[in-house]
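Okay, here's what each chain looks like letter by letter:
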Amino acid sequence: MAKRLTQREHYDTLINQYDTWMFDCDGVLWRGDHLIDGALEALSILRERGKRIIFVTNNASKSRRSYKGKFDQLGVEARVEEIFGSAYASAVYISSVMKIPKDKKVYVIGMTGIEEELREEGVSFIGGTDPADNTLEPFSLANFTLDPDVSAVLCGLDVQINYTKLSKAFQYLTRNPGCQFLATNEDSTYPSADGLLPGAGAISAPLRFATEREPISIGKPAKTMLDCIQAKIHFDPKRTIMIGDRLNTDILFGHAGGLATLLVMTGITLEADITGPNASAIVPDYVTASIGDLRAVKP
Ligand SMILES: O=C(O)[C@H](O)[C@H](O)COP(=O)(O)O
Ligand SMILES: [Mg+2]
């Protein structure tokens, strides 16, 4: 049973118990470009108390560097080294785990975040934001030349998804021998400032259906995301807490990593998801209405 946090002493105890605080972003710190009330103060309180802050987002639309820009814009203190996105984790997976040969490339369905991180890792790619693929012209297989050097398809959130991109990815996944099928993450929905929208999982779904293949998903809850963090930052899982708004990514990620977990109700998860007859089997250690509740420790 999750412990509901409401009192000042609850938050004080929590802060004293954990040295490393891993923050999900969408639905915890912000929705779209709107900061969640009290998020800024909560982060400042933790930094004042000497806590280590790590940001762990499944949102592959931005690279760590462009996320740093968003943090700066919103007035949130953050360093690039503290930011771990699924675009970064995917690029590291392709270069260091899959060890893609230099003469091979990735076909990308996704936004600039993926492209920037693949470039950082020295991985060649096609597709992505290429205007030739961002078209509503009907796709013609007759005019399509298969690039034999494509050895992986990487699919992430893409607000300009279209039939041409799906068709090209389908060709590579079904015609290039050994072509890997990767997804940055599989979140079904995305908590924008104005409400829920289809998530990255909804972008790769047509390809899963058409190819009857399951992608390797890199982001939370997958261990690949934790490995990516542990490769850069040493932390004691027993003194680490994961804060998230989604049960089947953030909280499951925390459980898989042996971390404590705090669920906030400012994003995806609804009360009916954690209480009552349809409550999820994924149970966080703690629940609080919003990360802004940490302000209770301030006199
Ligand atoms: O569709 C997506 O990619 C997700 O909804 C979104 O990116 C989640 O980001 P996070 O909550 O992990 O920051
Ligand atoms: Mg979230």
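This text goes with the structure placed above it.
Not measured: the values here are computed from a predicted model. (Residues numbered from 1 in each chain as written. Chains lettered and ligands numbered in written order. Predicted model: local features only at pLDDT ≥ 70, side-chain atom pairs only at ≥ 80, totals over all residues. Heavy atoms only, no water.)

A. Expanded view of the packing of aromatic side chains. What the rule picks out here adds up to nine aromatic pairs. On the numbers, 6.5 Å between centres and 75° between planes, the contact of Tyr18 with Tyr286 is edge-to-face. Here Tyr286 lies in strand 16 (residues 286-288) and Tyr18 lies in the loop between helix 1 (8-17) and strand 2 (20-23), a separation of 268 residues in the sequence. When sorted by exposure, Tyr18 lands in the same class as Tyr286, which is buried. Counting every residue linked through ring pairs, the aromatic cluster contains Phe23, Trp30, Phe55, Tyr67 and Phe71. (Phe/Tyr/Trp six-rings, centres within 6.5 Å; stacked < 30°, edge-to-face > 60°. Helix = DSSP H or I, 4+ residues; strand = E, 2+ residues; numbered from the N terminus. Buried < 20%, exposed > 50% of the residue type's maximum accessible area, 1.4 Å probe, protein only.)

B. Fine view of the sheet that holds strand 7 (residues 105-109). Reading across from one edge, 8-7-9-10-13 is the order of the five strands in this open sheet, with parallel pairing throughout. This sheet does not close on itself; its edge strands, each paired only once, are strand 8 (124-127) and strand 13 (216-217). As paired elements, strand 9 (residues 150-155) and strand 10 (residues 180-183) share four bridges and run parallel to each other. Its bridge partner lying in strand 10, Leu154 is registered against Leu182. Along the sheet, helix 6 (residues 163-175) contacts strand 7, strand 8, strand 9 and strand 10; its crossing angle with strand 7, the most-contacted strand, is approximately 145°. (Pairing = 2+ DSSP bridges. Contact = heavy atoms within 4.5 Å. Axes fitted to C-alpha atoms, helices over the stretch in contact; angles between N-to-C directions.)

C. How the structure looks around the side chain of Thr57. Residue placement: Thr57 occurs in strand 5 (residues 52-57). By relative accessible area, which is 2% here, Thr57 ends up buried. Within polar-contact distance, the side chain of Thr57 engages the backbone nitrogen of Asn59 at 3.0 Å. (Polar contact = N/O pair within 3.5 Å; in protein donor to acceptor, adjacent residues only side chain to side chain.)

D. Main features of the packing of helix 6 against helix 7 (residues 200-211). In the contact formed by helix 6 and helix 7, the axes pass within 10 Å of each other and the chain directions differ by 45°. When the interaxial angle is binned, helix 6 and helix 7 end up oblique. As helix 6 runs across helix 7, the sense of the crossing is right-handed. Residues Leu166, Ala169, Phe170, Leu173 and Thr174 of helix 6 pack against Ile203, Pro206, Leu207, Ala210 and Thr211 of helix 7. Grouping the amino acids of the contact of helix 6 with helix 7 by side-chain chemistry returns eight nonpolar, two polar and no charged. (Parallel < 35°, antiparallel > 145°, perpendicular 65-115°, else oblique. Left-handed = near helix turned anticlockwise from the far one by under 90°. Nonpolar A, V, L, I, M, F, W, Y, C, P; charged D, E, K, R; others polar.)

E. Here's a closer look at unusual backbone geometry. Residues Lys220 and Pro221 are joined by a peptide bond in cis, for which omega reads 5°. Within the secondary structure, Pro221 sits in the loop between strand 13 and helix 8 (223-230). Positive phi, normally seen in glycine, also occurs at Lys99, with a value near 50°. For Lys99, the position within the fold is in the loop between helix 4 (86-97) and strand 7. Residue Lys99 is classed as exposed on the basis of its relative accessible area of 57%.

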